[in-house]
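One-letter residues, chain by chain:
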Amino acid sequence: MSKSPFDGMKYGPIGEAVAKAAPGSEADPIGIYAAVLALFSSSLGGRVLMDSGRPVVVWTVLAGKSALGRKGYALNTARKILNPSIGAFIDTHAYSGISSGPSLVNMMWQQELETAGTEAGTDGRTLIVEEEWAAQLRRSKRDANFSQQLRTAWDGKPVSNTTKKETQYVSSPLLGFHAHITPGEWSRYVAGSTADALGGSYNRILPVVVERSKLLPYDHVATVKETKALTAAYKWSQQETRYMTFAPEAGRRYDELRSEIEDRMADMPERLSCFLERSAEQVTRVAAVLTAAERKTVITKRALEAAWAFVAYSMVSVEKLVNEAETSTPRIVKSLPDLIREKLAFLGGEASSTMLLRSLGTRVNAAALKVSVQDMDDVETYRAQSGGRGAPSIMYRLVKPESEPEAKAKPDAPAVEEIEHQEEEAKPKRTTRARKAPARLSVVEKQAPPAAKRARPTKKVTASANPLADLLAL
């Protein structure tokens, strides 16, 4: 039996915990793994560092189709795994809805301020969890400072925000991040945001393409037991600051991986390589978190290989997402006249106003339909009396103006404008005598009924290039 991609990245207490919980979840095991890495690494903020002082926090994003990707299942399973170990931390340090630089800094600053007087001391650890990341990406476009502040926080460097009352300053941001997005939203808000991508906003995040792993019975109830090794590892990390280093063999392997990553990036266009520029450091961070879960400070080659398997999978996910964004066929938006022609043809070439409006759905109302048809040479309008006593129905019909330049109306189908004029004349008049309005041109010149006086031809008025917009402007 061939190994799955998850088998290559499974390592230590974190890998074992995910492997035990995965059979009881419909989520992708790699999605669960990514969520656990993000949440658990956030709890280590400020306490577990690389020997250079760099943070080890891992930011992840699950990219999967709505309902099919099982992104929420992955996060819920990760929470069940970690609740016995760090549930209190997640409950008191997790936030959402952050979409601007000031709100990001204020969140971290307030967290430090609220814990400054506690017995445990100042605790500035914060965790952003966005299950609808696209909504925040859409809002964040209004603030050019947000991306820069986010990048700085990942690096663990100072961030600040000045308000009318004070300057909010965070010297060592301890920020975790986990989010969900669909491939289509990634295409629009991430891959389509060239400036942010090239600036490095998204190479701090490890995206993982996920999909449903299985279908379980509707009454299935998953049971996830506590992973005591993770509980012990969290307590171990809080006792004192731990500095992570490479074992000699792991250090040599890291140099090889860094060269391999850079060689791969050299052959890629910048639109793709810009998402992978932090891949070498991402390997370091993931390996450090896996090692800290073992309550060790020396990263072994085996831990490094497991971390590389996860980061390599993320790199493949990035390539897939970017390529799909570029090759996806853009949606063709048809004009209203084209839609009217299409629907009339589908309805047999002729339809009442009510029938045509139903076919068009919410795209247009009766007034907009009438204005649009006035500028269409291949659609005529007339009234047809129904079998009852009600007013004649407005009808629309496809015609061929080139073969019949002077189309004749049916004897029993007077022009819409003339019928409207007759109806206006039939209305009760005020005592003050009103001046009679001049007759208007029909959409297509027709033969008037014998009893009615033919309207005097008037000069044709050039229609607006966009009659629908003109109508709405009124």
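Conventions we followed
Residues numbered from 1 in each chain as written. Predicted model: local features only at pLDDT ≥ 70, side-chain atom pairs only at ≥ 80, totals over all residues. Heavy atoms only, no water. Patch = residues over 30% accessible without salt bridge, like charges linked within 9 Å, V, L, I, M, F, W, Y side chains within 5 Å. Areas by Shrake-Rupley, 256 points an atom, 1.4 Å probe, with all protein chains shown as cover. Salt bridge = Lys/Arg side-chain N within 4 Å of Asp/Glu carboxyl O. Lys, Arg positive; Asp, Glu negative; His and termini not counted. Charge placed at Lys NZ, Arg CZ, Asp CG, Glu CD. Helix = DSSP H or I, 4+ residues; strand = E, 2+ residues; numbered from the N terminus. Buried < 20%, exposed > 50% of the residue type's maximum accessible area, 1.4 Å probe, protein only. Contact = heavy atoms within 4.5 Å. pLDDT = per-residue confidence, 0-100. Phe/Tyr/Trp six-rings, centres within 6.5 Å; stacked < 30°, edge-to-face > 60°. Lys NZ or Arg CZ within 6 Å of the ring centre and 35° of its normal. Axes fitted to C-alpha atoms, helices over the stretch in contact; angles between N-to-C directions. Parallel < 35°, antiparallel > 145°, perpendicular 65-115°, else oblique. Left-handed = near helix turned anticlockwise from the far one by under 90°. Nonpolar A, V, L, I, M, F, W, Y, C, P; charged D, E, K, R; others polar. Pairing = 2+ DSSP bridges.

### Describing a negative patch on the surface
Point 1. A grouping of E260, E262, D263 and D267 is seen on the molecular surface, where their side chains present a negatively charged patch.
Point 2. One can find E260 in helix α11 (residues 248–266).

### Description of helix α2 (residues 12–21)
Each α-helix turn comprises 3.6 residues. Residues three or four places apart therefore point the same way.
Point 1. Among the 10 residues in α2, 7 count as buried, and that is most of the element.
Point 2. Taken as a whole, α2 has its buried residues at G12, P13, I14, G15, A17, V18 and A21.
Point 3. As for α2, its buried residues are in contact with α1 (5–9), α3 (29–43), α4 (71–93), α10 (228–239) and α13 (279–292).

### What about the confidence of the model for the protein?
Point 1. Per-residue confidence for the protein gives a mean pLDDT of 85; residues scoring 70 or more make up 81%.
Point 2. Contacts for the low-pLDDT stretch residues 426–464, under 50 throughout, to residues beyond four places or in other chains number 40 contacts.
Point 3. The low-confidence segment residues 467–474 (pLDDT under 50) makes 8 contacts with residues lying over four places distant or belonging to another chain.

### Notes on the packing of aromatic side chains
Point 1. Applying the stated criterion across every chain yields a total of 8 aromatic pairs.
Point 2. Between the aromatic rings of Y202 and F275, the centroid separation amounts to 6.5 Å while the plane-to-plane angle is 20 degrees, which identifies the pairing as stacked. Taken together, the residues Y202 in the loop between α9 (194–198) and β8 (205–209) and F275 in the loop between α12 (270–273) and α13 connect sequence positions 73 residues apart.
Point 3. We classify F275 as buried; its relative accessible area is 5%.
Point 4. One aromatic cluster is present, formed by W59, W133, F177, W186, Y202 and F275 through successive ring pairs.
Point 5. If you follow R70 out to its NZ or CZ, it ends over the ring of Y73, 5.1 Å from the centre.

### Concerning the side chain of S314
Point 1. Along the chain, the position of S314 falls in helix α14 (residues 301–327).
Point 2. Not counting residues within four places of it along the chain, the set of residues in contact with S314 comprises L206 and P207.

### As for the packing of helix α6 (residues 133–140) against helix α8 (residues 183–190)
Point 1. Relative to each other, α6 and α8 sit at 15 degrees, their axes nearing to 10 Å. On the basis of their axis angle, the class for α6 and α8 is roughly parallel. Taken as a pair, α6 and α8 cross one another with a handedness that is left-handed. Within the contact between the two elements, α6 uses W133, A134, L137 and R138 and α8 uses E185, Y189 and V190.
Point 2. Class assignment for the residues of the contact of α6 with α8 results in 5 nonpolar, no polar and 2 charged.

### Quick word on the environment of V399
Point 1. Structurally, V399 can be placed in the loop between β13 (393–398) and α18 (416–426).
Point 2. Assessed through its relative accessible area of 23%, V399 is described here as partly exposed.
Point 3. Separated by 49 residues in the primary sequence, V399 and E350 place their C-alpha atoms 9.5 Å from one another.
Point 4. Apart from the residues within four sequence positions on either side, V399 is in contact with D377, D378, V379 and E380.

### A short note on the pairing of strand β9 (residues 242–246)
Point 1. Summarising the sheet, strand β1 (residues 48–50) and β9 pair through 3 bridges and their orientation is parallel. Residue V48 lies in a different strand from β9, and its bridge partner there is R242.

### What about a positive patch on the surface?
Point 1. A grouping of R138, R139, R142 and R188 is seen on the molecular surface, where their side chains present a positively charged patch.
Point 2. You can call R142 exposed: its relative accessible area is 74%.

### Side note on the sheet that holds strand β12 (residues 379–384)
Point 1. The strand order β11-β13-β12 describes an open sheet built from 3 strands, whose pairing is antiparallel. Of all strands in the sheet, those with a lone pairing partner are β11 (350–352) and β12, marking the two edges. Put simply, the sheet's adjacent strands are angled 25 degrees from each other on average, direction ignored.
Point 2. Relative to β13, β11 runs antiparallel, the two sharing 3 bridges. Its bridge partner lying in β13, A351 is registered against Y396.

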